[in-house]
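Working through the structure, step by step
Each chain is listed here by its residues.
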Amino acid sequence: MLVPRLRDDLLELLWTVACGRPLPKEVVWEPGACVGVIMASAGYPAGSSKGDVITGVEQAEREEGVKSVSRRHCPSRRDSGY
């Protein structure tokens, strides 16, 4: 979850390391906090349920002090426009 806070180009940093060159003395980060939440369906990993609905995203976006909410679906179906 640190990648959203990284101001520097991640690909450039990874390429620098892959080529055996030293990293810059300082990597630049966005100020603030970042939180990651991972959800799994009931029964995971032995099995999983289908059709579960993820709710509360819109409410989280309206919370005071929340700059942005980012979603990653893997593998899930996107409905309702996101």
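Residues numbered from 1 in each chain as written. Predicted model: local features only at pLDDT ≥ 70, side-chain atom pairs only at ≥ 80, totals over all residues. Heavy atoms only, no water.

1. Details of the side chain of T16
Mapped onto the fold, T16 is located in helix α1 (residues 10-18). Residues within four places of T16 in sequence aside, it is in contact with R21, P22 and L23. (Helix = DSSP H or I, 4+ residues; strand = E, 2+ residues; numbered from the N terminus. Contact = heavy atoms within 4.5 Å.)

2. Considerations on the environment of L23
Following the sequence through the fold, L23 ends up in the loop between α1 and α2 (57-62). L23 sits in the partly exposed class, given a relative accessible area of 44%. C-alpha of L23 to C-alpha of L13: the two residues are 10 residues apart in sequence and 6.9 Å apart in space. With near-sequence residues (within four places) excluded, L23 lies in contact with L13, T16 and V17. (Buried < 20%, exposed > 50% of the residue type's maximum accessible area, 1.4 Å probe, protein only.)

3. Comments concerning the environment of P24
Tracing the backbone through its elements, the reader meets P24 in the loop between α1 and α2. P24 sits in the partly exposed class, given a relative accessible area of 43%. A C-alpha to C-alpha distance of 8.6 Å links P24 and L13, two positions 11 residues apart in sequence.

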